[in-house]
Amino acid sequence: MTDLTTLEADVLAQVAAAGDLAALDAVRVSALGKTGSISGLLKTLGAMSPDERKERGAAINVLRDRVQTALNDKKAALETAALDARLASETLDLTLPAPHRRRGSVHPTMQTMDEMIAIFAEMGFAVAEGPDIEDDFHNFTALNFPPKHPAREMHDTFFFNTKEDGERMLLRTHTSPVQVRTMVSQKPPIRIIAPGRTYRVDNDATHTPVFHQVEGLVIDKGIHMGHLKWTLETFLARFFETDAVTTQFRPHHFPFTEPSAEMDVQCDRSGGEIKIGQGTSWLEILGCGMVHPNVLRACGIDPDEYQGFAFGMGVDRLGMLKYGMPDLRDMWASDSRWLSHYGFSAFAAPNAASGLS
Ligand code: PHE
């Protein structure tokens with residue numbers, strides 16, 4: 001029996017000395033594996049007498065069970081130690097200051113749009129929407145652009161390829177098609193704004209191929225230019241949060257309004273910044289006019305019974321003016337320094353009651 005005692009002491013010492021799971025497994029194989037020391041002992045039983053085998057076999061099985069138990073215990077201990085070490089090394093001290101990261105912010109264009117919607121909502125306008133990909137009827141024909149009329153060319157339109165049926169879809173050049181969609185689907189009185197993206201083949205400091213407009217449309221009985229002027233002036237005073245905004249109406253032509261005008265805001269563009277209410281420059285911010293009778297008729301509204309006004313404002317332009325950004329193209333540059341300088345908190349949604357910006 002002494003050989004078994006010695007072997008047990010030897011294997012248990014090896015188990016105790018194993019420093020990691022790989023070393024422990026090597027010990028297991030050398031003792032209990034096919035050619036291991038304990039497995040070898042079991043193979044000697046066959047040559048023994050029954051009495052001898054009974055006694056010796058029992059002793060070897062006891063040895064084998066003890067070694068197996070020791071291996072299991074050691075394995076559990078090594079795994080616990082490995083987990084403890086990992087937990088200790090991955091500790092995160094939540095009381096330390098967080099590393100500085102740029103927080104997400106609301107883009108000035110979206111902020112401007114939200115401010116405009118808040119003001120018009122308070123003035124009783126509902127928000128209407130239409131698709132960015134339009135057809136010729138809604139973008140041009142229903143808005144009194146005759147076929148082949150030069151005003152179509154002035155819109156620098158992005159066209160899609162002509163379809164098999166001859167129709168050519170386009171990216172809307174203005175939000176005015178939403179006027180048509182609204183008048184076709186609603187009965188007067190109508191009082192809506194339509195904020196959205198618009199597209200033209202154009203690119204310089206005050207034009208980008210994608211830009212944003214807010215369209216306005218009012219249809220009711222007895223509507224005249226005075227209502228239009230009051231609406232625009234009231235809006236601008238609230239938007240710029242001051243009465244010191246100087247504007248000028250310039251006569252203009254749009255096929256879908258008669259009479260038509262453009263409105264400019266006085267500003268100073270001499271320095272690197274742009275300032276409103278002073279200076280010698282004028283920045284065009286909107287087109288407007290009384291809805292043309294042909295447009296009303298195209299939308300199933302009797303011009304002898306109803307009149308209306310419409311306007312289309314450049315959102316990006318108004319944002320530039322309000323927040324002093326000199327170049328419209330920066331809006332699309334995705335420069336994180338610019339965004340952190342001009343961006344707005346996502347938690348400060350503009351509304352007329354608590355202040356806009
Ligand atoms: N749709 C015109 C433009 O984009 C603006 C406008 C809208 C003019 C409504 C008059 C009435 O230039």
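Reading guide: rules and limits
Each residue is numbered by its place in its chain's sequence as written, counting from 1. Confidence filtering applies because this is a predicted model: local features only for residues at pLDDT of at least 70, side-chain atom pairs given and counted only at 80 or more, and all residues used for totals across whole chains, interfaces and linings. Excluding hydrogens and water, the side-chain values take into account all heavy atoms of the structure. Strands here are runs of E lasting at least two residues and helices are runs of H or I lasting at least four, both read from the DSSP assignment and numbered beginning at the N terminus. The globule rule used for comparison is 2.2 Å times the number of residues to the exponent 0.38, while the radius of gyration itself is calculated over C-alpha atoms. Here, two residues are considered to be in contact whenever any of their heavy atoms come within 4.5 Å of each other. In this description, accessible areas are obtained by the Shrake-Rupley approach with a 1.4 Å probe, and a residue is regarded as covered only by the protein chains that are shown. When charges are counted, neither His nor the chain ends are considered; positive counts come from Lys and Arg and negative counts from Asp and Glu. Working definition for charges: the position is that of NZ of Lys, CZ of Arg, CG of Asp or CD of Glu. Axes, fitted as lines to C-alpha atoms, cover a helix only where it is in contact. Angles between the N-to-C directions of the axes lie from 0 to 180 degrees. Note on angle classes: values under 35 degrees are labelled roughly parallel, values over 145 roughly antiparallel, values of 65 to 115 roughly perpendicular, and the remainder oblique. By definition, turning the near helix anticlockwise from the far helix through less than a right angle yields a left-handed crossing, and turning it clockwise yields a right-handed one. Gly is placed with the polar residues, together with every amino acid not listed as nonpolar (Ala, Val, Leu, Ile, Met, Phe, Trp, Tyr, Cys and Pro) or charged (Asp, Glu, Lys and Arg). Buried and open spaces are told apart on a 1 Å grid over the protein atoms alone, a cavity being a set of points where a 1.4 Å probe fits but cannot get out and a pocket being an open set with protein on both sides within 12 Å along at least five of seven lines. Residues with an atom within 4 Å of a point are the lining residues. Grid points are joined across faces, edges and corners, and a volume is the space filled by probe spheres set on the points. Residue burial is assigned from relative accessible area. The probe radius is 1.4 Å, only protein chains are included, and a residue is buried under 20% of its type maximum, exposed over 50%, and partly exposed in between. When DSSP finds at least two bridges between two strands, those strands are taken to pair. Proximity is defined per residue: if any heavy atom of the residue lies within 4 Å of a molecule or strand, that residue is considered near it. Polar contact is defined as a pair of N or O atoms within 3.5 Å, subject to the rule that within protein one atom must be able to donate a hydrogen and the other to accept it, and that residues adjacent in sequence are counted only when both atoms are side-chain atoms. For this analysis, a molecule is said to be in a pocket or cavity if more than half of its atoms are within 2 Å of the grid points defining it. Here the expected length of a helix is defined as 1.5 Å per residue gap, with one fewer gap than residues. Each direction from the helix axis to a C-beta atom contributes to the arc, which is the arc of those directions. Domain start and end points were adopted from an automatic or database domain assignment. In plain words, nonpolar cores are sets of buried Ala, Val, Leu, Ile, Met, Phe, Trp, Tyr and Cys residues tied together by side-chain atoms within 4.5 Å.

Looking at this structure, I do not really get the overall build of the protein chain. What am I missing?
Summing up its helical and strand segments, the protein chain has twelve helices and ten strands in all. Its C-alpha radius of gyration of 40 Å places the protein chain more than 25% over the 21 Å reference for a compact globule of 357 residues. Projected onto the principal axes, the alpha-carbon positions of the protein chain cover approximately 125 × 55 × 35 Å. Contacts in the protein chain between residues far apart in sequence, at least 24 positions, make up 66% of those at least 6 positions apart. For the protein chain, the accessible surface area stands at approximately 19,300 Å², while carbon and sulfur atoms represent 55% of it. The positive charge centre, built from 35 side chains, and the negative charge centre, built from 47, are 5 Å apart in the protein chain.

Just to check I follow, could you spell out the packing of helix α5 (residues 108–122) against helix α9 (residues 225–240) for this structure?
A pair of packed helices is captured by two measures, namely the crossing angle of their axes and the spacing between those axes. Where α5 contacts α9, the axes come no closer than 10 Å and their chain directions differ by 130 degrees. Comparing their axes, α9 and α5 come out oblique. Crossing of α5 over α9 shows right-handed handedness. Residue-level inspection shows Thr 112, Glu 115, Met 116, Ile 119, Phe 120 and Glu 122 of α5 in contact with α9, the latter providing Thr 231, Phe 235, Arg 238 and Phe 239. Split into classes, the residues belonging to the contact of α5 with α9 amount to five nonpolar, two polar and three charged.

Which parts of the structure should I look at to understand the layout of surface pockets?
In this approach a probe as big as a water molecule rolls over the atoms, and the regions it shows empty are the leftover space. By volume, the largest pocket amounts to about 750 Å³. Along the walls of the largest pocket sit 37 residues, with Arg 200, Gln 213, Phe 254, Glu 262 and Glu 284 positioned nearest its centre. Among the secondary structure elements, those contributing two or more residues to the lining of the largest pocket are α7 (150–154), β5 (210–220), β6 (247–254), β7 (257–268), β9 (281–291), β10 (307–314) and α11 (315–323). Its residues placed into classes, the lining of the largest pocket shows 14 nonpolar, 15 polar and eight charged.

Looking at this structure, how should I read the pairing of β5?
Within a regular strand, the side chains alternate between the two sheet faces. With respect to burial, β5 is a largely interior element, nine of its eleven residues being buried. When strand β4 (residues 190–199) meets β5, the two strands line up antiparallel, connected through ten bridges. Considered in β5, the bridge of Ala 194 is made with Glu 215.

I tried to follow the site of the ligand on my own but got confused; where do I start?
Taken together, the neighbourhood of the ligand is formed by 14 residues, with His 174, Ser 176, Arg 200, Gln 213 and Gly 312 sitting nearest. The separation between a nitrogen atom of the ligand and a polar side-chain atom of Ser 176 is 2.9 Å. Contact distances for the ligand include 2.9 Å between an oxygen atom and a side-chain N or O atom of Arg 200. When the ligand is considered free in solution it has 330 Å² of accessible area, and contact with the protein chains removes 93% of it. Mapping the ligand onto the cavity grids shows that it belongs to the largest pocket. Where the shell around the ligand is concerned, the elements lending two or more residues are β5, β9 and β10. A per-element tally of the shell around the ligand places β10 first, with three residues. Its residues assigned to classes, the shell around the ligand comprises five nonpolar, seven polar and two charged.

Would you explain the environment of Gln 186 in this entry?
Relative to the helices and strands, Gln 186 is located in the loop between α8 (177–185) and β4. For the pair formed by Gln 186 and Leu 296, sequence separation is 110 residues and the distance between their alpha carbons is 12 Å.

Is there a simple way to think about helix α2 (residues 21–32) in this case?
Residues three or four positions apart in an α-helix share a direction because the helix packs 3.6 residues into each turn. If you check α2, its first and last C-alpha atoms are 16 Å apart, about what twelve residues at 1.5 Å a residue would give, namely 16 Å. Those residues of α2 not exposed but buried are Leu 24, Val 27 and Ala 31. Axial view of α2: buried residues confined to an arc of 55 degrees, hence all on one face. The opening residue of α2 is Asp 20, an N-cap whose side-chain oxygen sits 3.2 Å from the backbone nitrogen of Ala 22.

I would appreciate a short explanation of the domain arrangement of the protein chain in the present structure.
One frequently used descriptor of interface size is the decrease in accessible area upon assembly of the parts. Segmenting the protein chain into domains produces domain 1 (2–89) and domain 2 (108–342). The straight-line distance from the C-alpha centre of domain 1 to that of domain 2 is 85 Å.

In this structure, what is going on with the pairing of β9? I would like to understand it.
Taking burial as the measure, the eleven residues of β9 include eight buried ones, the bulk of the element. Sheet analysis places β9 next to β10, joined by five bridges and oriented antiparallel. Within the sheet, the bridge partner assigned to Cys 288 lies in β10 and is Phe 311.

Before we go on, may I ask you to explain the nonpolar core in this structure?
Nonpolar side chains tend to gather and get buried jointly when the protein is soluble and globular. The biggest cluster of nonpolar side chains holds 36 residues, and the ones touching the most others in it are Phe 120, Phe 235, Met 313, Leu 318 and Leu 321. Contributions of two or more residues to this core are made by α5, β5, α9, β7, β9, β10 and α11. For this core, the element with the most residues is α9, which contributes six residues. Residues within four places of Leu 318 in sequence aside, it is in contact with Thr 112, Met 116, Phe 235, Leu 236, Phe 239, Phe 240, Ile 285 and Met 313.

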